[in-house]
Amino acid sequence: MKRIGMIIAACTLIMRGMACTNLIVGKGASADGSVMVTYNADDYGSYGYLHFYPAGHHAAGEMRALYHYETNNYLGEIPEAPYTYGVVGQMNDQQLTIMETTFGGREELVDSTGLLDYGSLMYLTLQRAKTAREAIDVWVSLADTYGYESEGESITFADPNEVWVMDMIGRGPGVKGILWVARRLPDDCITGHANQARITTFPLKDKANCLYAKDVIKFARAKGWFTGKDADFSFREAYAPNDFGGRRICDARVWSFFNRCCKGMERYIPYIQGLEEGTEELPWCVKPDQPVTLNALKQAMRDHYEGTPLAMTDDLGAGPYEMPYRPTPLYFEVDSVKYYNERPISTQQTAVTYISQMRSWLPNHIGGVLWVGLDDANMVAYTPLYCCATQLPECYTEGVANAFTFTPRSAYWLCNAVSNFIYPRYCQLFPELQAVRDELDRDFEGLLDKTDKEAQAMTTDEAVKHLTAYGCRAAGAMMDRWHGLFERLIVKYNDMVVKPEEDGQYKHTAGGEHVPVIRPGYPERYRRAIVKATGNRYKLSK
């Protein structure tokens, strides 16, 4: 395997920032004509909650305090905008969505003196822009004016009509502004990014579909990072050179989404396995074979490379109960030899998972829906919040708990309590969660059209109140079911045994006592592995 040592740098990068995934669907590629964008915020050890900013007018001279997105350290202040749009999670009340993944890139381009980190830029821009194109202008203007502090980022800007993806990086210590390229996704296509810059070459004269910093090529030439013709310039190769980790740990996640939606993706397996250079590179976007549904996108966010050569349940790392997860860090050493763990889209360290759905045929306050889960996407049901919401469900708020304080009133902690109970005996217990999860997913999707129509029959103010209340009820319903799920799991599977059931009820004696429990022990495959590893050590004597 070539260049396996390069994975160390890539994995170190991913551990420093939010090792996230964005999957993106154009309006012509979706089943209902909506634009859809996903976001897994995979921030190791962080507490999951939703950011919320109400819309508001601001007096002249009012200042906006800035706090670092990851550390919460105070950064400084900038003038507030005269009017700011309301923001729920990663979507504003104009149906604008902004998502991100960190790719790092050249470390010498980080400007630690910059005032704005990538998180501050996301929320400032959501509050100040109505459309994806306007958001690009606001983003660039803010970064150029106040300086950009973070590493390289891929940013998704999406509204009900179009999607743009920007790859960007700073200009170096003490230099304000960013180097960037933004490409518009064709309406009938899908794409994604997952901690690796995705824009290589780009059309230089197609302003309708490609925008970029005027000196993005000139700057690279001056640094000696590019010497060819302008038409051959690749943003990624100049500012975030691809390597084993970029292909194997990052682009492989994008490939898994493409593979679910398109035939013929096997041709890119050598590339995403990172086995050799010179293989056929993953395309920037593809046209799906069938329109992508909301449910299909949810399942893509729950992907562990099932049914592919990268599947995670057929080796020792899966443990006795075929767990499609691996502990972090992403790499490890044995006898001074470096190895890596598989890194799928669905991962246990997800703090928040989103699917934003933007629908151009509806008024903004009804058209924008943010589907939310606080934990690994595979282990949660997505609940709907309309972008016009004037308050969040308590279980999703920052103040209900934190990274050091547990309460079952927090969706993050309740969902984690359930998932962490399931992980060690995954194949045995997961079907219980899956049944509840999928039922809730169907129920919430089924109620969406009804809720839309109810809101359309109301005045805007009435609709906003109605949709806000609906989001709170949906989150409450999920919490109720998850409380019940946890109680069932702890009762039925306590102490590694199983209480037998009949017609949905636990079996018991006429006097009300439990009957003998089922003691399944290890699965057959693992029992055989134990015997193979230990020989006659545990063999009963005749």
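This text goes with the structure placed above it.
Now for a description of the structure that goes with this document. Just so it is clear, the structure is predicted and the values come from calculations on it, not from any experiment.

## Some points on the overall build of the chain
What the chain contains, in helices and strands, is 13 helices and 22 strands. For 542 residues, the compact-globule estimate of 2.2 N^0.38 gives 24 Å, and the chain sits close to it at 24 Å. On the principal axes, the C-alpha backbone points of the chain span a range of 80 × 60 × 45 Å. Evaluated residue by residue, the chain yields a buried proportion of 55% over its 542 residues. Restricting to contacts in the chain with at least 6 residues of sequence separation, those with at least 24 account for 71%. A total of about 23200 Å² of accessible surface is found on the chain, and carbon and sulfur atoms cover 52% of it. In the chain, which carries 56 positive and 68 negative side-chain charges, the distance between the mean positions of the two groups comes to 5 Å.

## A look at unusual backbone geometry
Of the consecutive residues T328 and P329, the connecting peptide bond is found in the cis state with omega at 5 degrees. With respect to the helices and strands, the residue P329 is situated in the loop between helix 8 (294-301) and strand 16 (331-334). One non-glycine residue, E322, lies in the positive phi region at around 50 degrees. Considering the arrangement of structural elements, one finds E322 in the loop between helix 8 and strand 16. Look at E322 and you get partly exposed, because its relative accessible area is 33%. Despite not being glycine, D495 shows a phi value in the positive range, around 60 degrees. When you line up the elements, D495 lands in the loop between helix 12 (460-492) and strand 21 (501-502).

## Some points on the side chain of H68
Mapped onto the elements, H68 comes out in the loop between strand 5 (63-67) and strand 6 (74-79). Apart from residues no more than four positions distant in its own chain, H68 is found in contact with N73, L75, D117 and E149.

## Details of the pattern of salt bridges
Oppositely charged side chains can pair when the atoms bearing their charge come close. Scanning the entire structure with this criterion turns up 32 salt bridges. Residue E524 pairs with R527 through a salt bridge whose shortest N-O separation is 2.5 Å. One end of the pair is E524 and the other is R527, both in helix 13 (residues 524-534) and three residues apart, which spans about a single turn. Beyond isolated ion pairs, a larger network of salt bridges with shared partners links R133, E162, R184 and D187.

## Quick look at empty space enclosed by the protein
On inspection of all chains with the given rule, the structure shows one cavity of 30 Å³ or more. The computed volume of the largest cavity comes to approximately 70 Å³. Residue lining of the largest cavity: 15 residues in total, with R326, E342, P344, T347 and Q348 positioned closest to the centre.

Parameters at a glance
- Residues numbered from 1 in each chain as written.
- Predicted model: local features only at pLDDT ≥ 70, side-chain atom pairs only at ≥ 80, totals over all residues.
- Heavy atoms only, no water.
- Helix = DSSP H or I, 4+ residues; strand = E, 2+ residues; numbered from the N terminus.
- Rg over C-alpha atoms; globule rule 2.2 N^0.38 Å.
- Buried < 20%, exposed > 50% of the residue type's maximum accessible area, 1.4 Å probe, protein only.
- Contact = heavy atoms within 4.5 Å.
- Areas by Shrake-Rupley, 256 points an atom, 1.4 Å probe, with all protein chains shown as cover.
- Lys, Arg positive; Asp, Glu negative; His and termini not counted.
- Charge placed at Lys NZ, Arg CZ, Asp CG, Glu CD.
- Salt bridge = Lys/Arg side-chain N within 4 Å of Asp/Glu carboxyl O.
- 1 Å grid on protein atoms, 1.4 Å probe; cavity = no way out; pocket = protein on both sides within 12 Å on 5 of 7 lines; lining within 4 Å.
- Points joined across faces, edges and corners; volume = space filled by probe spheres on them.

Read these as geometric descriptors, not functional statements.
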